[in-house]
Amino acid sequence: MKITFAYTTVLFSACTFFLAACSGTNTDTNSTNNSPNNTTNTTTNVTTTSDKNTIPIGIALAQTSNVALLGQEQVAGAKIAEKYFNDKGGVNGTPIKLIFQDTAGDEAGTINAFQTLINKDKVVGIVGPTLSQQAFSANPIAERAKVPVVGPSNTAKGIPEIGDYVARVSAPVSVVAPNSVKAALKQNPNIKKVAVFFAQNDAFSKSETEIFQQTVKDQGLELVTVQKFQTTDTDFQSQATNAINLKPDLVIISGLAADGGNLVRQLRELGYQGAIIGGNGLNTSNVFAVCKALCDGVLIAQAYSPEYTGEINQAFRQAYVDQYKKEPPQFSAQAFAAVQVYVESLKALDTKNKVSKIQLPELRTELNKQLLTGKYNTPLGEISFTPIGEVVQQDFYVAQIKMEKDGSQGKFTFLK
């Protein structure tokens, strides 16, 4: 049994469940409802009065705020998944319909999005949120309502332990982060002194920096300084100067794309020429526009490679390139995989007992049980879950940012 965290009490009830008619793939982004409906009503089956039934899956991601550089990539991956699986027949002939709610970048927005999806939109499960910090606040709401949650990018320690209805397709930072340090040492065995920077107001960054710092010690390197900042900061001159004065051979940054990218840029502008490792929050091509040519050379560990040869990844990669004219990033692939887990779990349930005939509370519970026992061939490779909802994934990578000299374009080059 997992430990469930106690947060502000939210009243949940089974409400009459009617699904809106859907005439094709839904790509609209719904605005967050500031007054979620908590009205108690009688429970009905997952059916609709329209000719074309749909199965609603909630997507609670950061589409605005400083986290949007990551969340928008996740929205893209989810929408590609919606079209891909509906084109293949949805859930044994019944289309899925993704219901989007913007969490913004804070806990309050995420709680509001979860409440709306659960109580108003009557979703069968939720993909989200973008940040681990948000997950620690909002996931307990879904847990109390017995609504499955699949985290697409929540890699901090303790996420699956939030509750029995919480899982993630994003590998924990303890598995992924050390790979980039090992890659940096492979490129330059003479690295001795390391400076670490992390965003102290972000749960994931605090969790990730602990792993990075332990890896530094495990590799016999000297940790010369640990500098703190906020994800909302734009000026890092003081922290960067303090670190540079200690002459580090390697800098490791745990933050988000906007702040992390600015920190990379300012380190280079102040004359730092050593290696830089970015954490998972910098794992987006959106960082290229922040540090431009000065992004060049940054190493980032990856849980996804566009070059993975699996059939579904080839289809996902092609769809993404066709639409966005660039390679798909990890955050998009993970969001796709999270939707895929729901679709394939619903299909498995439907072969046993038509999901349209199952009452919503029971469907949510049975769906949660099913998704934890399945194996899925996703763009990330084959994944499954432990009984507590931790992802089991085999393949990981390290990429290095390569930028054009004028900073106009860049890409992730995967190291062998």
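Reading the values: the criteria
- Residues numbered from 1 in each chain as written.
- Predicted model: local features only at pLDDT ≥ 70, side-chain atom pairs only at ≥ 80, totals over all residues.
- Heavy atoms only, no water.
- Core = buried A, V, L, I, M, F, W, Y, C linked by side-chain atoms within 4.5 Å.
- Buried < 20%, exposed > 50% of the residue type's maximum accessible area, 1.4 Å probe, protein only.
- Helix = DSSP H or I, 4+ residues; strand = E, 2+ residues; numbered from the N terminus.
- Contact = heavy atoms within 4.5 Å.
- Disulfide = S-S within 2.5 Å.
- Axes fitted to C-alpha atoms, helices over the stretch in contact; angles between N-to-C directions.
- Parallel < 35°, antiparallel > 145°, perpendicular 65-115°, else oblique.
- Left-handed = near helix turned anticlockwise from the far one by under 90°.
- Nonpolar A, V, L, I, M, F, W, Y, C, P; charged D, E, K, R; others polar.
- Salt bridge = Lys/Arg side-chain N within 4 Å of Asp/Glu carboxyl O.
- Pairing = 2+ DSSP bridges.
- pLDDT = per-residue confidence, 0-100.

Attention now goes to the nonpolar core. In terms of nonpolar packing, the biggest core is built from 48 residues, with Val339, Leu346, Leu371 and Phe385 touching the most fellow members. Of all elements in the fold, only strand 1 (55-61), helix 1 (68-87), strand 2 (96-102), helix 10 (311-324), helix 11 (330-352), helix 12 (360-373) and strand 12 (381-385) reach the threshold of two or more residues within this core. Setting aside anything within four residues of it in sequence, one finds leucine 371 in contact with Pro148, Val150, Ala167, Val341, Tyr342, Ser345, Tyr376 and Phe385. In terms of nonpolar packing, the next biggest core, distinct from the first, is built from 26 residues, Ala199, Phe236, Ala240 and Tyr272 among them.

Our focus in this paragraph is the state of the cysteines. Should the sulfur atoms of two cysteines be covalently bonded, the bond is a disulfide. Scanning the model with the defined rule gives 1 disulfide in all. Between the sulfur atoms of cysteine 291 and its disulfide mate cysteine 295 the distance is 1.8 Å. On the sign convention where negative means left-handed, the S-S torsion of about 100° between cysteine 291 and cysteine 295 marks this disulfide as right-handed. Residue cysteine 291 shares its accessibility class with cysteine 295, and that shared class is buried.

Let's shift gears to the packing of helix 5 (residues 178-187) against helix 6 (residues 203-218). In a pair of packed helices, the angle between the axes and the distance between the axes together describe the arrangement. Interaxial distance between helix 5 and helix 6 falls to 9 Å at its minimum, and their mutual angle equals 40°. Comparing the axis directions of helix 5 and helix 6 gives the class oblique. Our pair here, helix 5 against helix 6, has a crossing hand that is right-handed. Contacts between helix 5 and helix 6 involve Pro178, Ser180 and Val181 on the former and, on the latter, Ile211, Phe212 and Thr215. Broken down by class, the residue content of the contact of helix 5 with helix 6 amounts to 4 nonpolar, 2 polar and no charged.

Let us now look at unusual backbone geometry. Here glycine 128 and proline 129 are connected by a cis peptide whose omega angle stands at -10°. One non-glycine residue with positive phi stands out, namely lysine 122, at about 55°. With respect to the helices and strands, lysine 122 occurs in the loop between helix 2 (107-120) and strand 3 (126-127). In the Ramachandran plot, lysine 247 falls in the positive-phi region, its phi being about 55° despite a non-glycine side chain. Position of lysine 247 among the secondary structure elements: in the loop between helix 7 (237-244) and strand 8 (250-254). Residue class for lysine 247 comes out exposed when judged on its relative accessible area of 63%.

Our next topic: the pattern of salt bridges. Applying the stated rule across the entire model yields 6 salt bridges. Across the pair arginine 168 and glutamate 390 runs a salt bridge, and its minimum N-O distance is 2.7 Å. A residue pair is termed long-range when its members are at least 10 positions apart, and arginine 168 in strand 5 (residues 166-168) and glutamate 390 in the loop between strand 12 and strand 13 (391-393) qualify at 222 residues. The two residues arginine 168 and glutamate 390 agree in class, both being buried. Between glutamate 269 and arginine 265 there is a salt bridge; the shortest N-O distance is 3.2 Å. Highlighted residues: glutamate 269 and arginine 265, both in helix 8 (residues 257-269), separated by 4 residues, approximately one helical turn.

Moving on, we get to the sheet that holds strand 11 (residues 375-378). The 3 strands lie next to each other as 11-12-13, forming an open sheet whose pairing is antiparallel. Bordering the open sheet on either side are strand 11 and strand 13, each of which pairs with just one other strand. Shown here is a sheet whose adjacent strand axes are inclined to one another by a mean of 30°, direction ignored. Taken together, the 3 bridges between strand 12 and strand 13 define a ladder with antiparallel strand orientation. Across the sheet, residue phenylalanine 385 finds its bridge partner in strand 13, namely valine 391.

Moving on, we get to the sheet that holds strand 1. The strands making up a sheet associate through hydrogen bonds between their backbones, and the pairing can be parallel or antiparallel. Strand order in the open sheet formed by 5 strands is 2-1-3-4-5, with parallel pairing between adjacent strands. The outermost strands of the open sheet, each flanked by one partner alone, are strand 2 and strand 5. Two strands pair when backbone bridges link them, and strand 4 (residues 149-151) and strand 5 are joined in this way by 3 bridges, in the parallel orientation. Looking across to strand 5, one finds that valine 149 is bridged to valine 166.

Our next topic: the confidence of the model for the protein chain. Per-residue pLDDT for the protein chain averages 90, and the proportion of residues at 70 or more is 88%. Here residues 1-44 is a poorly scored stretch, pLDDT under 50, and it has 114 contacts once near neighbours within four places are set aside; other chains count. Here residues 47-51 is modelled with pLDDT under 50, and outside its nearest four sequence neighbours on either side it reaches 9 contacts, counting other chains as well.

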